[in-house]
Amino acid sequence: MKARTSSSSLATRGSFHCAWLVFCAAALALAATLPAEAQEAARDPAYRAFPLIGSRLAVWAVAQLHLNFAAFILGVPIFALIIEIIGWRTGEPRYDWLSHEFVKLTFAAFSTTALLGAALLFLFVGYYPRFWTYMTSIFFPTYWVYALLFFAETFTVYLWYYGWDWLAGPRKWIHVGLGVLSNLFGTAILFVANSWVTFMISPGGVDESGALKGSVWGAINNFTWMPINIHRLIANIVFGGTIAAAYAAFRFLAAKTDEERARYDWMGYIGNFVALAAFIVLPFAGYWLGREIYAFNQTMGITMMGGFMSWLWIIQAILIGILFLGSNYYLWLGMERIPGSERYRKYVPPMLIVLTLGFMVWATPRSLVLTLDEARAMGGTHHPLLGVLGVMSAKNTVVNLMILTTFLSFVLYRRANRVSTRGWVGTGMAVQWAAFGVAAAIVVFYGVYGYFVESIVRIGFSVYQVLAVLAAIVLVMAIDIPMFRGARSTGRIRWGTIAPRSQYVLILLAVTFTWLMGLMGFARSGIRQHWHVYGILRDTSPEAVTPALGYAANVITVVTIVFFALVMFIFWLGGLGEKGRTATHGHAPAPMLAGGSDADA
């Protein structure tokens, strides 16, 4: 078999990446081990001005780009490993090919992530020396842990990628073990970096003056550390899935043969499936994070949800609505290439109604921007009819119903070309529909009941709604998997025949989620207002103001455009390297990809 990674360009890129990692780690360690005199000098001046755009905007843009690429290289290997394990256990080489394609994408982003990380480090050290010195005084031990983990992950990923063919066959378990190890290192890196971010929001383990009490663990294990760990881990998987699906869409639209279209249609479906599966549970992690912010400081929580940032959540609602509608629309389009799916298309209109109404309620503001005359004519800042839909009881209700509807779309897609042969299929389906109905009833009941109780009680109702939805998902899948195992097929999936507009939907989902990540990053940082570390280290720079939403939206938009320009360049390079080859990989059989197996739905 021809080696897939023996080109000199990959070796050069790998050497360049390693050199940058060494440089970044050395710079990090050097900055953290300055002698006392140098640290004292770094405190004066406390700030320096970045040319033209200012220090904060420079840090903001570079940090967002770095986090976007970091989220990609941490999220994609997780489901690449899962796909490789599926291929290993089933013996189907197309899964191995797909896993290799996903890991190849992370390689293209590794060097960019390291470069942006180095730039961010220099901006902190050079333009925010007082802030950097204080954070170093708290988290100095974690810098070494972070650097060691980064080295460990990098070399493990390199061995995982370059040893793909060498560790095939009977040694495949070693290769899978390298994938597990690289993901563990990546997750540990995420947890360490999150301790720095969350300490700025909810500092712990320090006294009133900001000095460390006891060990650094108290500062790491602050109020929002674990919620953000879970939230970011899930979000990274969603993000990685959407970017991988967008890459597949890019290759699908540029494909010249039916074989290529079939291959990248399947790849786009897998990427979207992974993103959708993680996205369904992402709001629940967001609830937990919001509760912990309120628990740490109610003023910060009110600023986030009911203060000047309240309209930010309307923008967020629109973006989330696009994600829900887009994901479902892609599944509905995908059902057209599956023989036998016709019997389920009657469910599409009612599901569309639920999603549309939920979108409208989710995007309804509590209060409106009105003139005095308009407020008097309406009888207040709240609309007499629509104002009731602007509170969290209504929004929690509809978002849980939208999650249930999206999950139902996936279930129907999954069984589109299969007919169960189990004798208990009638009972099983009845229990499944009952689970959907009971979960929806519980969600609606607590949503309505929330209008008649105090806010502290109403907040607790969201837990019951979440548990009802999760229980329904688990129960339905626990029945569906054995019920359709060995099912009769109504036809093979016609991969590559999906409508081209579906690929633009995948690109739209990637752009929307990237923009949403930037928006939520602004919200998380903005609630600190004029504090570097909330309540501990005040921002006394001339830029110590929270920007308006319009300004923030413009910055996030520009950063998103730059990010996708870089991503498109990486995609183009990946396609350029394959031109002239007769086949991308010898072990991805075209007939299997073009036809699909009975279990693909």
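The rules behind each value
Residues numbered from 1 in each chain as written. Predicted model: local features only at pLDDT ≥ 70, side-chain atom pairs only at ≥ 80, totals over all residues. Heavy atoms only, no water. Helix = DSSP H or I, 4+ residues; strand = E, 2+ residues; numbered from the N terminus. Contact = heavy atoms within 4.5 Å. Phe/Tyr/Trp six-rings, centres within 6.5 Å; stacked < 30°, edge-to-face > 60°. Buried < 20%, exposed > 50% of the residue type's maximum accessible area, 1.4 Å probe, protein only. Lys NZ or Arg CZ within 6 Å of the ring centre and 35° of its normal. Core = buried A, V, L, I, M, F, W, Y, C linked by side-chain atoms within 4.5 Å. Salt bridge = Lys/Arg side-chain N within 4 Å of Asp/Glu carboxyl O. pLDDT = per-residue confidence, 0-100. Arc of directions from axis to C-beta. Polar contact = N/O pair within 3.5 Å; in protein donor to acceptor, adjacent residues only side chain to side chain.

Asker: Please explain the environment of Arg345 as it appears in this structure.
Answerer: Relative to the helices and strands, Arg345 is located in the loop between α11 (312–335) and α12 (348–362). Linking Arg345 and Trp332, residues 13 residues apart in sequence, is a C-alpha distance of 8.0 Å. Once residues within four sequence positions are removed from consideration, Arg345 is found in contact with Met335 and Glu336.

Asker: Sorry if this is basic, but what is going on with the packing of aromatic side chains here?
Answerer: Given two aromatic rings, one states the distance between the centres and the angle between the planes to describe the pair. Taken as a whole and judged by the stated rule, the model has 42 aromatic pairs. Their ring planes at 70° and their centres at 4.9 Å tell us that Phe69 and Phe563 sit as a pair that is edge-to-face. Placement of Phe69 in helix α3 (residues 55–90) and of Phe563 in helix α18 (residues 549–576) is noted, with a sequence separation of 494 residues between them. On the basis of relative accessible area, Phe563 is assigned to the buried category, the value being 1%. Seen in terms of ring centroids, Phe191 and Trp225 are 6.1 Å apart; in terms of plane orientation they differ by 75°. Their pairing is edge-to-face. Residue Phe191 is located in helix α6 (residues 172–201), and its partner Trp225 is located in helix α8 (residues 225–254); the two are separated by 34 residues in the primary sequence. In textbook terms, an aromatic cluster arises when at least three aromatic residues are bridged by ring pairs, as seen for Phe124, Phe131, Trp132, Tyr143, Tyr146, Phe150 and Trp196. Arg89 extends its terminal NZ or CZ atom over the ring of Trp88, reaching a point 5.1 Å from the ring centre. Lying across the ring of Trp97, Arg263 places its NZ or CZ 5.3 Å from the centre.

Asker: Is there a simple way to think about the nonpolar core in this case?
Answerer: Burial of nonpolar side chains together is a common tendency in soluble globular proteins. Core analysis: the biggest nonpolar cluster contains 137 residues, and Phe102, Ile243, Phe407 and Phe513 have the highest contact counts within it. Residue contributions to this core peak at 18 residues, all from helix α9 (residues 258–296). Setting aside its immediate chain neighbours within four residues, Ile243 contacts Phe72, Ala510, Thr514, Phe563, Phe564, Val567 and Phe571. Counting 32 residues, the second-largest nonpolar core is a separate cluster that includes Val59, Leu120, Leu123 and Leu537.

Asker: Teacher, can you tell me more about the side chain of Asp265 here?
Answerer: With respect to the helices, strands and loops of the structure, Asp265 is situated in helix α9. What makes Asp265 buried here is its relative accessible area of 1%.

Asker: It is not clear to me how the pattern of salt bridges should be interpreted in this structure. Could you clarify?
Answerer: A full pass over the atoms with the stated rule returns nine salt bridges. Residue Arg261 is joined to Asp258 by a salt bridge in which the shortest nitrogen-to-oxygen separation is 2.9 Å. Note that Arg261 and Asp258 are positioned in helix α9 at a spacing of three residues, about one turn of the helix. Of the residues examined, Arg261 reaches a relative accessible area of 23% and is grouped as partly exposed. Residue Asp258 is classed as exposed on the basis of its relative accessible area of 59%. Across the pair Asp265 and Arg337 runs a salt bridge, and its minimum N-O distance is 3.0 Å. Of this pair, Asp265 sits in helix α9 while Arg337 sits in the loop between α11 and α12; the two residues are 72 residues apart in sequence, bridging distant segments of the chain. Overall, Arg337 belongs to the buried group, its relative accessible area being 1%. Connected through shared salt-bridge partners, Glu84, Asp96 and Lys172 make up one network.

Asker: What am I meant to see in the confidence of the model for the protein here?
Answerer: If pLDDT is low for a region, its predicted coordinates should not be looked at in detail. Averaged over the protein, the pLDDT score is 82; the fraction of residues at 70 or greater is 84%. Counting contacts from residues 26–43, a segment whose pLDDT is below 50, to residues more than four positions away or on other chains yields 21 contacts.

Asker: Even after reading the chapter, I still don't get helix α10 (residues 298–305), so can you show me in this structure?
Answerer: Residue pairs spaced three or four apart in an α-helix point in one direction, given the helix's 3.6 residues per turn. Buried within α10 we find Met300, Gly301, Thr303 and Met304. Along the long axis of α10, the arc covered by the buried residues comes to 160°, so they all point the same way. Turning to α10, the residues buried within the fold contact α6, α9 and α11. For α10, the capping residue at the N-terminal end is Asn297, with a side-chain oxygen 3.0 Å from the backbone nitrogen of Thr299.

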